[in-house]
Amino acid sequence: MRKVRSICLAALGLLWTPVSLSQNVPYERILHSQNEPQSWLTYSGSYFSQQYSLLKQINRQNVASLKIAWMYQPSRPVANLESSPIVADGVMYITEPPSTVTALDAHSGLKIWSYTPALPEHVVSIGLYATSRGVAILDDMVYIGTADAHLIALDVKTGAVRWNVHVADNIMGYAMTGPPLALKDKIVVGIAGSEAAVRGFLDAYDPKTGRRLWRLWTTPRVGDPGAETWGNGAAQSAGATTWNNGSYDADLNLIYWGTGNPAPDFNDDDRPGDNLYTCSLLAVDADTGKLKWYFQFSPHEDHDWDSDEPPVLFNATIDGKSRRLVGFANRNGFYYVLDRATGKFVTGVPFVKETWAKGLDANGRPIPAPNQEPTLGAGTLVYPSITGGVDWTSPSYSPQTGLFYVSAHETGAYFIKGTGKIEPGPPKGIVGGGGIRALAGEQSYGAIRALEATTGKLKWQFKLLGPAWVPILSTAGGLVFSGSDEGNFFALDAETGKPLWDIQMGHAARSNPISYAVDGKQYIFVTAGNAYIAFTLP
Amino acid sequence: MRRSNRGVRVVSSKGRPCTRWVQILSLFLTLAGNSLPCFAGPPQDSKAVQLTPDQLQHGKQTFEANCSTCHGLDGAGAMGPNIQGIPFRLGVDRVANVIKNGMAGGMPAFSGQLGADEIQQVVGYLLTLSRKDEGQVTGDAAAGKLVYESSHCASCHTISGEGGDIGPELTTVGQSRGPNYLRNTILYPGTDLPQTRIFLETGGQLQFLFVRVLTKDGRTVEGTRVAEDSFHIVLEDAKGNFHSFRKDQVRELDKEPGKSTMPSMKGKLSDTQLNDLVAYLAGLKGTP
């Protein structure tokens, strides 16, 4: 009987392991997250960062009747809510800006525990919002990177602090906004602060003790490999921050993590050269923290086109060969496919209007178009805008459709060069070295675009009024969930882009939509404004 | 605007609106800056910031260093909303407070990075940002007030609490718009519609946009867009009625950028009348 029930539930995409009261999430559960689609154990649902749910109780046929199941709101209003939850064994772990962690009953939305770290009276947050995009879970602890750049481990059952380590100096502009990535025996974290001209890095910590295991600096210093790509010998190299989440391939034991812009953003006078490893995808050996390979999307970048979107790992057949790939819809307007074992360029095509490159060469390096640099005075009109083809908001890949879904921004901006020098000591403000003038509202729009994952070819698009900063979820129910910046949250047919359901939430979603199940019932979850909202079928 | 002081009326239009009536009543729709329906009235303190040229220059530098990445170097918006003219609408104290403490939706607090003096300098610089097209006042303001009245401008525009709410409020228009801009807008209303980006979370600012909807049952509804998302649009017709549509439930939806419901006054006013009207409007700098 039990077997029959399991088979039925498997057919619904709702098969789960027995509920564990111990709230223990060992590495093997995360590694094999496909075995428990009722859970959501990493920022993007799996180590492959596909933002894909195997659940299919909610599907094309019934999504039109989706209703709000519960809402949670913090006890005080929050700003910049970009928190994507972890769900394990019926408990949801969310963050509340800036750095509070709260555990909710995923069935009712009721609060179980909450922890708020003691932040300094003034938290330095230059060029970023003091917020948290979520926690990581491993064994019996949850982990958060705080606005003042601490990494804190909490007891999964009570929220009690197990350890708290100082990752970097907030007074220098370092902050943590991205979720940690929990591996077998490491907690990997990135850092933010490029606009404060900090030097980026990627760190790994012992999950049990908080001891730092390795640090990979993402810009060189004098004498390091890559120093020659900074005009001054990299004495002052700054930027390449790692402020979002990464992905992991256990077979290759490689971590994939994107890096941000060089500093100053728009004034490149003091940094001739490619400026490694800014605006790049890094493949890092998980054991040693050594760089295995890198791919720089935008060499010598000066439009603030960070590359901090979570890289999407997928396997596909190209020319009859099974390939291990990574897909990346970059802020610079190109969609890239790379071989994730070698970093070798497979293909790259624009997914929005872009004017800064004439194309990509055989190695994927952009062929610069003339006169697209920021200039003094009125500036230079460049597509895409500073917000890029897409910024940090997660795309989604559906193994069911083979499509890569991205929330595309169709807009340009005048890029203006100003003065900008990196000064020693704590930053006094944004080290931007210029700025932009955006095109007016009606000249911009957004779209959910479905690209053939292996080629970048456009399969369909669903137009939005304005460019949207809303991540995407796709599901085995044949659905794509995302939102507009005007506050719509909606479901599209994953094959055709046809809208099937929508709701006006009063504020744009800024967190990853995710899906989970409790007691055999599938939920779609997202945030908007001050609200954390779970939807389900009646 | 006084829209916040009355209930929202969503009505279904019966028959075509009278185009001529639309034109007469829609005078000067585009004359001023943004219309922000949620603010009850003009600030009383927008002239309170007095800065030396050096302080203003420092305010400019502080703005460019700290604000321009999100709001654009001209304040017209980028990742953050358009803030041109914001001190005129909110008042300098409230703007200073927002800079100091931040606000929900994305504006960070700058209290730790900027001192009170620096914030005042930024506000002072913001006051200069939205000033458009200076030029010379040559007419007579008192005579211009009569032109304003005889041309029925008040049917659509409010000054110091008096008038209609189809077009933007003009109580402080002289602070943010110079004579050349005012003259050009009176003659060519559609050429410089207030350009704002869409940021629902920061107040739902949208461009002034003329929209025509053809419903599935054959009705045509024309008006100015007052709200829009990816699935819906709300228009305000010339009578001040709101019409709400789901976009997938209409037959046609035509947006006409560059068109205004305000008719051009070209050929309708003499040069003297035009100069007088410009002088009157350029002198509107807040409630005495």
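Residues numbered from 1 in each chain as written. Chains lettered and ligands numbered in written order. Predicted model: local features only at pLDDT ≥ 70, side-chain atom pairs only at ≥ 80, totals over all residues.

Caption draft 1: How the structure looks around the overall build of chain B. The secondary structure content of chain B amounts to 10 helices and seven strands. Across the 288 residues that make up chain B, the buried fraction comes to 49%. Sequence-distant contacts in chain B: of pairs separated by 6 or more residues, those separated by 24 or more amount to 72%. (Helix = DSSP H or I, 4+ residues; strand = E, 2+ residues; numbered from the N terminus. Buried ≥ 20, exposed ≤ 12 C-beta atoms within 10 Å, placed from the backbone. Contact = placed C-beta atoms within 7 Å.)

Caption draft 2: Looking closely at the sheet that holds strand S13 (residues 201–205) of chain A. An order of S11-S12-S13-S14 (chain A) is seen for the four strands of this open sheet, with the pairing classed as antiparallel. If you trace the sheet from one side to the other, it starts and ends with strand S11 (181–182) and strand S14 (212–217) of chain A, each paired once. (Pairing = 2+ DSSP bridges.)

Caption draft 3: The environment of leucine 170 of chain B, seen in detail. In this fold, leucine 170 of chain B is placed in the loop between strand S2 (162–163) and helix H8 (173–176). Once the C-alpha coordinates of leucine 170 of chain B and glycine 124 of chain B are considered, the two residues, 46 residues apart in sequence, prove to be 21 Å apart.

Caption draft 4: Structural detail: the nonpolar core. Residues Tyr93, Ile137, Val142, Tyr143 and Ile187 of chain A are the most contacted members of the largest nonpolar core, which totals 148 residues. If we ignore the near neighbours within four places in the chain, the residues touching tyrosine 143 of chain A are Val135, Ala136, Leu151, Ala153, Pro180, Ala182 and Ile187 of chain A. Among the nonpolar cores identified, the runner-up in size contains 22 residues, and Val147, Leu170, Val173 and Ala282 of chain B belong to it. (Core = buried A, V, L, I, M, F, W, Y, C linked by C-beta atoms within 7 Å.)

Caption draft 5: How the structure looks around the confidence of the model for chain A. Residue and element names in this part refer to chain A. When pLDDT is averaged across chain A, the result is 93; 95% of the residues are at 70 or more. With pLDDT under 50 throughout, residues 1–8 is counted as low confidence; its partners more than four residues away or in other chains account for one contact. Predicted confidence for residues 15–21 stays below pLDDT 50, and this span has 10 contacts to residues more than four positions away or in other chains. (pLDDT = per-residue confidence, 0-100.)

Caption draft 6: Main features of the sheet that holds strand S37 (residues 521–528) of chain A. Residue and element names in this part refer to chain A. One open sheet accounts for four strands, arranged S2-S38-S37-S36; its pairing is antiparallel. With one partner strand each, in any of the chains shown, strand S2 (67–72) and strand S36 (514–518) form the two edges of the open sheet. With strand direction ignored, the average angle separating the axes of adjacent strands in the sheet is 30°. Relative to strand S38 (residues 531–536), S37 runs antiparallel, the two being bridged by five bridges. Bridge pairing links threonine 527 to tyrosine 532 in S38. (Axes fitted to C-alpha atoms, helices over the stretch in contact; angles between N-to-C directions.)

Caption draft 7: Representation of the pairing of strand S29 (residues 434–438) of chain A in the model. Residue and element names in this part refer to chain A. Of all five residues in S29, five are buried; the element is thus mostly enclosed. Side-chain alternation along S29 places Gly434, Ile436 and Ala438 on one buried face and Gly435 and Arg437 on a second face that is also buried. Strand direction decides the pairing type here: strand S28 (residues 413–417) and S29, joined by five bridges, are antiparallel. Residue pairing in the sheet places alanine 413 in a bridge with alanine 438 of S29.

Caption draft 8: Spotlight on the environment of proline 257 of chain B. Residue position: proline 257 of chain B is located in the loop between strand S7 (250–256) and helix H10 (271–282). Considering only alpha carbons, one finds proline 257 of chain B and phenylalanine 210 of chain B, 47 residues apart in sequence, at a separation of 6.8 Å.

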